[in-house]
Amino acid sequence: MTLPPPSDGIAWMGGDYLPLADAKIGVTDWGLVRSDATYDVVSVWDGAFFRLEDHLTRFEASMAKLRLSVPQSRDEMREILTECVRRSGLRRSYVAMVCLRGVPTRASRMPGACANYFVAYARPWVWVFPEAVVERGAHLVVPQSVRIPPESVDPRVKNYHWGDMTYGLFEAEDAGADSALLADADGFVCEGPGFNVFAIKDGVAVTPNRGALEGITRQTAIGVCRDLGMTVEIRPISVDEFKEADEAFATTTGGGIMPIRRLDDRVFSNDAPGPKTMEIARTYWAWHDRPEFRLEVPYGD
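Residues numbered from 1 in each chain as written. Predicted model: local features only at pLDDT ≥ 70, side-chain atom pairs only at ≥ 80, totals over all residues. Heavy atoms only, no water.

Let's shift gears to the overall build of the chain. Tallying secondary structure elements over the chain gives eight helices and 17 strands in all. A compact globule built from 301 residues should have a C-alpha radius of gyration of about 19 Å, and the chain, at 20 Å, falls within 12% of that. For the chain, the C-alpha atoms occupy an extent of roughly 55 × 50 × 35 Å along the three principal directions. Expressed as a percentage of its 301 residues, the buried residues of the chain come to 51%. Considering only contacts within the chain whose residues lie at least 6 apart along the sequence, 70% involve residues at least 24 apart. Accessible surface, the chain as shown: approximately 13,900 Å² in total, 52% of it carbon and sulfur. Side-chain charges in the chain split into 33 positive and 43 negative, and the spacing between the mean points of these groups amounts to 3 Å. (Helix = DSSP H or I, 4+ residues; strand = E, 2+ residues; numbered from the N terminus. Rg over C-alpha atoms; globule rule 2.2 N^0.38 Å. Buried < 20%, exposed > 50% of the residue type's maximum accessible area, 1.4 Å probe, protein only. Contact = heavy atoms within 4.5 Å. Areas by Shrake-Rupley, 256 points an atom, 1.4 Å probe, with all protein chains shown as cover. Lys, Arg positive; Asp, Glu negative; His and termini not counted. Charge placed at Lys NZ, Arg CZ, Asp CG, Glu CD.)

Right, here's the structure in full:
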């Protein structure tokens with residue numbers, strides 16, 4: 001079977017596969033009007049999913065936390081995601097699974113009255129930081145916008161509550177930086193728009209345990225660091241302590257291990273990606289070939 005050239009993306013909605021540009025939700029859907037949805041994103045790199053089962057596990061946990069449910073089983077969701085990629089022909093793809101609250105099926109303002117549903121799509125690979133930024137290292141700023149407290153919105157559940165992130169990105173843009181790294185009201189580092197962070201000091205890697213998504217790439221980076229003989233600490237880290245690091249990096253599905261060369265006016269690693277960071281990055285990409293993490297897409301070509 002010969003597939004058409006890679007597309008701009010394929011979506012699945014309501015039992016049908018269609019071009020991503022044609023996938024629509026209603027203007028009254030609570031996923032839109034209340035940001036009442038959860039999602040997860042998994043990468044396809046060189047024709048194979050990376051850690052798909054971990055992403056499905058987190059997606060199911062997010063739905064349970066938000067009291068969302070879909071009729072599709074885990075096996076059916078995996079099959080839909082795989083088919084979106086196969087039909088797209090994309091060898092490097094950003095693949096999303098989404099559960100939206102939907103609209104009420106009866107006259108009610110209570111969330112339990114809504115019909116939840118599943119949406120999936122595959123689109124061309126998305127870099128959270130442009131490749132040129134990844135190569136030279138990112139310049140981040142700590143904005144005045146503070147992270148939404150976990151007592152209000154649980155950051156361990158992927159969500160679309162991005163008001164704090166959006167304000168932070170505007171502040172970064174105004175400062176001429178690449179992105180923002182948000183802290184909480186007590187001055188402890190949380191996360192950036194779509195990425196976790198690590199600081200390396202004296203060979204020890206520290207990543208925040210508060211105000212942040214427990215990212216799958218973060219989980220992989222922790223494993224890589226330990227495999228390389230490094231100590232990893234998952235604990236609160238203040239902005240001031242973070243700035244004392246020898247090296248720093250960000251982690252995300254859409255970019256892997258991304259060096260940080262500046263935070264505000266603090267310069268790391270002589271204003272370049274640090275040597276430990278680069279070793280971690282090389283190992284991270286090598287792990288994409290490990291069979292326990294890899295699921296080949298059956299393109300049929």
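And the narrative resumes.
In this fold, Thr207 is placed in strand 12 (residues 204-207). Taking the relative accessible area as the measure of exposure, Thr207 reaches 0% and is therefore buried. Polar contacts involving the side chain of Thr207 include one to the main-chain carbonyl oxygen of Val197, which spans 2.8 Å. For Thr207, the side chain forms a polar contact with the side chain of Arg218, separated by 3.4 Å. For Thr207, the residues in contact, after removing those within four places along its chain, are Val197, Phe198, Arg218, Ile222, Glu233, Ile234 and Arg235. (Polar contact = N/O pair within 3.5 Å; in protein donor to acceptor, adjacent residues only side chain to side chain.)

Ranked by internal contacts, the top residues of the largest apolar core, which has 23 residues, are Phe49, Leu81, Val85, Val95, Met97 and Phe118. Ranked by residue count, the leading element in this core is helix 3 (residues 74-88), at five residues. Beyond its immediate sequence surroundings of up to four residues, Phe118 is in contact with Trp12, Phe59, Val70, Gln72, Met77, Ile80, Met97 and Val98. Counting 22 residues, the second largest nonpolar core, distinct from the first, contains Ala138, Val189, Ala248 and Phe268. (Core = buried A, V, L, I, M, F, W, Y, C linked by side-chain atoms within 4.5 Å.)

All right, on to the sheet that holds strand 2 (residues 16-19) then. Strand order in the open sheet formed by seven strands is 2-1-6-5-3-4-17, with antiparallel pairing between adjacent strands. Edge positions in the sheet fall to strand 2 and strand 17 (294-296), since each has one partner strand and no second. The mean inter-strand angle of the sheet, taken between neighbouring strand axes irrespective of direction, is 25 degrees. Pairing analysis gives eight bridges linking strand 5 (residues 93-100) to strand 6 (residues 117-124), with the strands arranged antiparallel. Along strand 6, the bridge assignment pairs Leu100 with Tyr117. (Pairing = 2+ DSSP bridges. Axes fitted to C-alpha atoms, helices over the stretch in contact; angles between N-to-C directions.)

Moving on to unusual backbone geometry. Even without being glycine, Arg67 reaches a positive phi, approximately 60 degrees. Mapped onto the secondary structure, Arg67 falls in the loop between helix 2 (52-65) and helix 3. Here Arg67 falls in the exposed class, since its relative accessible area comes to 74%. Phi at Ser269 takes a positive value of approximately 50 degrees, unusual for a residue other than glycine. Relative to the elements of secondary structure, Ser269 occurs in the loop between strand 16 (266-267) and helix 8 (275-286).

With that settled, the discussion passes to the state of the cysteines. Using the criterion set out here, one finds zero disulfides in the structure. The thiol of Cys84 is unpaired, and the distance to the nearest cysteine sulfur, on Cys99, comes to 16 Å. For Cys84, a relative accessible area of 0% puts it in the buried group. (Disulfide = S-S within 2.5 Å.)

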